[in-house]
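As a plain string of letters, each chain reads:
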Amino acid sequence: MKKNNKFLNLLEEMLLIPSPSGREEKMSALIREKISEIGYEPETDSIGNILVRLPGKNPEECPIVFAAHLDEIGMTVKRINPDGSLQVIKSGGLLPWKIGECPVDVIGDSEPVSGLLSFGSAHGGSASGKERITWDDVKIITGLTPEQLEQKGIRIGSSAVPKNEVRGPVVMGDENDPMIAAWTFDDRAGMAVLLQLLGELKRNNFQPQNPVIIAFTVQEEAGGHGAKYLAAEENPKIFVAVDGCPIIDPDTMKLDGRPGVWSRDRLAHYDQQLVVDISAAAKQAGTQVQVAVYEGAASDASMVLDAGLVPRIAFIGHVRDNSHGFEIARLSVFNKTLKTLIAYLNEGTN
């Protein structure tokens with residue numbers, strides 16, 4: 001299945017590339033390569049966002065942005081102990097119990113260094129018997145001295161992420177309607193959907209009514225900094241985040257292949273007419289959307305609106321469980337998200 005599914009091929013390739021906030025350069029290189037292979041010319045702006053511009057039939061209109069972010073959650077080294085172990089804090093919304101004790105790559109100024117995320121002994125260690133593990137209980141063991149770590153480019157401020165071997169993707173369940181799991185789709189899945197969207201637009205020589213920017217943004221997990229810079233520079237009329245929809249209440253959202261749209265998060269109410277428009281596009285694409293309301297989440301789109309840089313925002317993406325961990329989704333949701341975006345663009349973006 002992995003060999004025959006374009007989305008899984010893209011996702012698997014992206015999962016092999018560490019991309020914590022502030023260290024997106026290797027992922028950026030892959031995305032630029034993929035865009036060039038499709039036949040578009042990628043731009044890279046001053047903060048590191050990658051942009052593809054689609055000229056509109058009404059060139060005087062402000063652009064509409066569809067954005068997925070390049071970075072992933074991870075850890076940041078805050079202290080190097082005398083024994084060479086590393087104390088870390090979270091980068092983005094990572095919780096220690098979500099990642100558990102697992103092998104990691106520490107991303108420094110040269111090649112990655114292998115390590116093990118450690119919570120210590122269960123037979124009386126500092127974290128033994130605790131119901132809640134905090135980052136103060138966590139360290140990374142590399143087997144190297146501080147001097148050896150320095151020689152390998154590991155310092156305070158270096159990042160760490162799970163090693164490739166544990167990232168997935170894993171295909172499971174009914175082979176006619178499978179689920180897939182991976183160490184965070186966030187937001188590799190959104191990027192894969194946008195790359196597939198670019199491929200469809202190129203094959204069909206599509207020209208939108210209004211100018212469109214397909215964007216791959218930096219540092220979403222750190223506060224939407226790439227998206228804010230993009231909005232300030234490009235002055236879009238609409239900003240659409242393409243990301244994932246965590247299941248908070250299993251009675252209101254399901255892993256049934258339907259994409260999700262956000263109506264509200266902790267920062268903003270999304271444009272309700274755009275919720276209606278995207279819902280109509282989903283029906284035209286042969287599916288339906290699930291509408292989500294969050295109290296503890298935000299996106300590139302809501303962070304841009306919160307900063308006063310765009311008048312209207314929307315969100316569409318895959319519905320997933322186990323957010324910010326080993327996430328799981330129905331494989332069909334990614335194709336349905338793609339078809340919904342195509343239908344929305346074909347209807348005209350207003």
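**Student:** Hey, could you run me through the overall build of the protein chain in this one?
**Tutor:** Tallying secondary structure elements over the protein chain gives nine helices and 17 strands in all. In terms of principal-axis extent, the alpha carbons of the protein chain reach across some 65 × 45 × 40 Å. Going through the 350 residues of the protein chain one by one, you find that 55% of them count as buried. Pairs at least 24 apart in sequence give 75% of the contacts found in the protein chain among residues at least 6 apart. Within the structure as shown, the protein chain displays about 15000 Å² of accessible surface, and the carbon and sulfur contribution to it stands at 48%. Each charge sign in the protein chain was given a centre, from 35 positive and 47 negative side chains, and these centres are 2 Å apart.

**Student:** I would appreciate a short explanation of the sheet that holds strand E11 (residues 179-183) in the present structure.
**Tutor:** Two modes of strand pairing occur in sheets, parallel and antiparallel, and in both the strands are linked by backbone hydrogen bonds. Read across the open sheet, the three strands follow the order E10-E11-E17; overall the sheet is antiparallel. The outermost strands of the open sheet, each flanked by one partner alone, are strand E10 (170-172) and strand E17 (326-330). The sheet shows a mean angle of 25° between the axes of neighbouring strands, direction not considered. Pairing of E10 with E11, which is carried by three bridges, proceeds in the antiparallel orientation. Note that in E11 the partner of Val 171 across the bridge is Ile 180. Sitting on the sheet, helix H1 (residues 6-15) touches E10 and E11, and the angle it makes with E11 is about 15°. This element, helix H9 (residues 332-346), spans E11 and E17 of the sheet and lies at about 65° to E17.

**Student:** For this particular structure, what's the right way to read the nonpolar core?
**Tutor:** A general tendency of soluble globular proteins is for nonpolar side chains to be buried together. Counting residues in hydrophobic clusters, the biggest one holds 56 residues, and the most contacted among them are Phe 7, Ile 31, Phe 66, Ile 214 and Phe 216. With nine residues, helix H5 (residues 188-203) is the single largest residue contributor to this core. Not counting chain neighbours up to four residues away, the residues in contact with Phe 7 comprise Ile 180, Ala 189, Ala 192, Val 193, Gln 196, Leu 331 and Phe 334. By size, the runner-up hydrophobic cluster in this structure holds 28 residues, among which are Phe 239, Cys 245, Leu 255 and Ala 301.

**Student:** Hey, could you run me through the packing of aromatic side chains in this one?
**Tutor:** Each aromatic ring pair is characterised by the separation of its centres together with the angle its planes make. Applying the stated criterion across every chain, the model contains seven aromatic pairs. Here Phe 66 and Tyr 344 contribute two aromatic rings whose centre-to-centre distance is 6.2 Å and whose plane-to-plane angle is 70°, an arrangement assigned as edge-to-face. Residue Phe 66 is located in strand E3 (residues 64-69), and its partner Tyr 344 is located in helix H9; the two are separated by 278 residues in the primary sequence. Accessibility classification places Phe 66 together with Tyr 344 in one group, the buried group.

**Student:** Honestly, H5 in this entry has me stumped. Any pointers?
**Tutor:** An α-helical turn contains 3.6 residues, so any two residues separated by three or four positions project in the same direction. For H5, which comprises 16 residues, the first-to-last C-alpha distance of 23 Å matches the rise-based estimate of 22 Å (1.5 Å per residue) to within 8%. Across the 16 residues that make up H5, a large majority, 13, are buried. Once H5 ends, the next one or two residues include Asn 205, with phi positive near 50°.

**Student:** Before we go on, may I ask you to explain the pattern of salt bridges in this structure?
**Tutor:** If charged atoms from side chains of opposite charge come close, those side chains can pair. Enumeration according to the criterion identifies 17 salt bridges in this entry. The partner of Lys 78 in a salt bridge is Asp 136, and the shortest N-O contact between them spans 3.7 Å. Remark: Asp 136 occurs in the loop between strand E7 (113-118) and strand E8 (139-141) and Lys 78 occurs in strand E4 (residues 74-80); sequence separation between them is 58 residues. A relative accessible area of 35% means that Lys 78 is categorised as partly exposed. Note that Asp 256 and Arg 258 form a salt bridge whose closest N and O atoms lie 2.8 Å from each other.

**Student:** It is not clear to me how the side chain of Lys 34 should be interpreted in this structure. Could you clarify?
**Tutor:** Relative to the elements of secondary structure, Lys 34 occurs in helix H2 (residues 25-38). Excluding anything up to four places from it in sequence, Lys 34 contacts Leu 10, Glu 13 and Leu 195.

**Student:** Explain the side chain of Thr 142 to me, please; I cannot follow it from the model alone.
**Tutor:** Inspection of the secondary structure assignment puts Thr 142 in the loop between E8 and helix H4 (146-151). Of note is the side chain of Thr 142, whose polar atom sits 3.3 Å from the backbone nitrogen of Leu 144. Every residue in contact with Thr 142, bar those within four places of it in the chain, is listed here: Gly 84, Leu 86, Val 113, Ser 114, Gly 115 and Leu 149.

**Student:** Looking at this model, I keep getting lost on the sheet that holds strand E9 (residues 159-162). Mind explaining?
**Tutor:** If you trace the six strands once around the closed barrel, you get E4-E5-E8-E7-E6-E9, paired in antiparallel fashion. Adjacent strand axes in the sheet meet at a mean angle of 45° when their direction is disregarded. Examined bridge by bridge, strand E6 (residues 103-107) and E7 share four bridges and lie antiparallel to one another. Considered in E7, the bridge of Val 104 is made with Gly 115.

**Student:** What is the right way to look at the packing of H1 against H5 in this model?
**Tutor:** Packed helix pairs are characterised by how far apart their axes lie and by the angle those axes make with each other. Packing of H1 against H5 leaves a shortest axis separation of 9 Å and a crossing angle of 130°. By the angle class used here, H1 and H5 are oblique. Crossing angle aside, the handedness with which H1 passes H5 is right-handed. Judged by residue contacts, Lys 6, Phe 7, Leu 10, Leu 11, Met 14 and Leu 15 of H1 engage Arg 188, Ala 189, Met 191, Ala 192, Val 193, Leu 195 and Gln 196 from H5.

**Student:** Quick question: what am I supposed to make of the pairing of E7 here?
**Tutor:** Walk down a regular strand and you will see the side chains alternate between the two sheet faces. Once E6 ends, the chain turns through five residues before running back antiparallel as E7. Pairing analysis gives three bridges linking E7 to E8, with the strands arranged antiparallel. Bridging across to E8, Leu 117 finds its partner in Ile 140.

Cut-offs applied
Each chain carries its own residue numbering, running from 1 in the direction its sequence is written. Under the rules for a predicted model, residues below a pLDDT of 70 receive no local features and side-chain atom pairs below 80 are neither given nor counted, while totals for whole chains, interfaces and linings still include all residues. The basis for every side-chain value is the complete set of non-hydrogen atoms in the structure, without hydrogens or water. Strands here mean DSSP runs of E at least two residues long; helices mean DSSP runs of H or I at least four residues long; both are numbered from the N terminus. Between buried and exposed lies partly exposed: a residue is buried under 20% and exposed over 50% of the maximum accessible area for its type, with that area taken using a 1.4 Å probe on protein chains only. Two residues qualify as a contact provided that any one of their heavy atoms is within 4.5 Å of a heavy atom in the partner residue. The method behind every accessible area is Shrake-Rupley, applied with a 1.4 Å probe, and residues are considered shielded solely by the protein chains displayed. In this tally, Asp and Glu contribute negative charge and Lys and Arg positive charge; neither His nor the terminal groups of the chain are included. Here the site of a charge means NZ on Lys, CZ on Arg, CG on Asp, or CD on Glu. Two strands pair if DSSP finds at least two bridges between them. Interaxial angle, 0 to 180 degrees, is taken between N-to-C directions of lines fitted to C-alpha atoms, where a helix line uses only the stretch in contact. Here the nonpolar core consists of buried residues drawn from Ala, Val, Leu, Ile, Met, Phe, Trp, Tyr and Cys, with membership extended through side-chain atoms lying within 4.5 Å. Stacked, tilted and edge-to-face pairs are distinguished by plane angle, under 30 degrees for stacked and over 60 for edge-to-face with tilted covering the rest, among Phe, Tyr and Trp rings (Trp via its six-membered ring) whose centres lie within 6.5 Å. Expected span of a helix: the number of residues minus one, times 1.5 Å. Think of a salt bridge as a Lys or Arg side-chain nitrogen and an Asp or Glu carboxyl oxygen that are within 4 Å of each other. The term polar contact refers here to a pair of N or O atoms within 3.5 Å; inside protein, the definition further demands a hydrogen-donor-capable atom paired with an acceptor-capable atom, and it admits residues adjacent in sequence only when both atoms are side-chain atoms. Orientation is classified from the angle alone, with under 35 degrees giving roughly parallel, over 145 giving roughly antiparallel, 65 to 115 giving roughly perpendicular, and any other angle giving oblique. Crossing handedness is read from the near helix: turned anticlockwise from the far helix by less than a right angle, it gives a left-handed crossing, and turned clockwise, a right-handed one.

In short, geometric facts, not functional conclusions.
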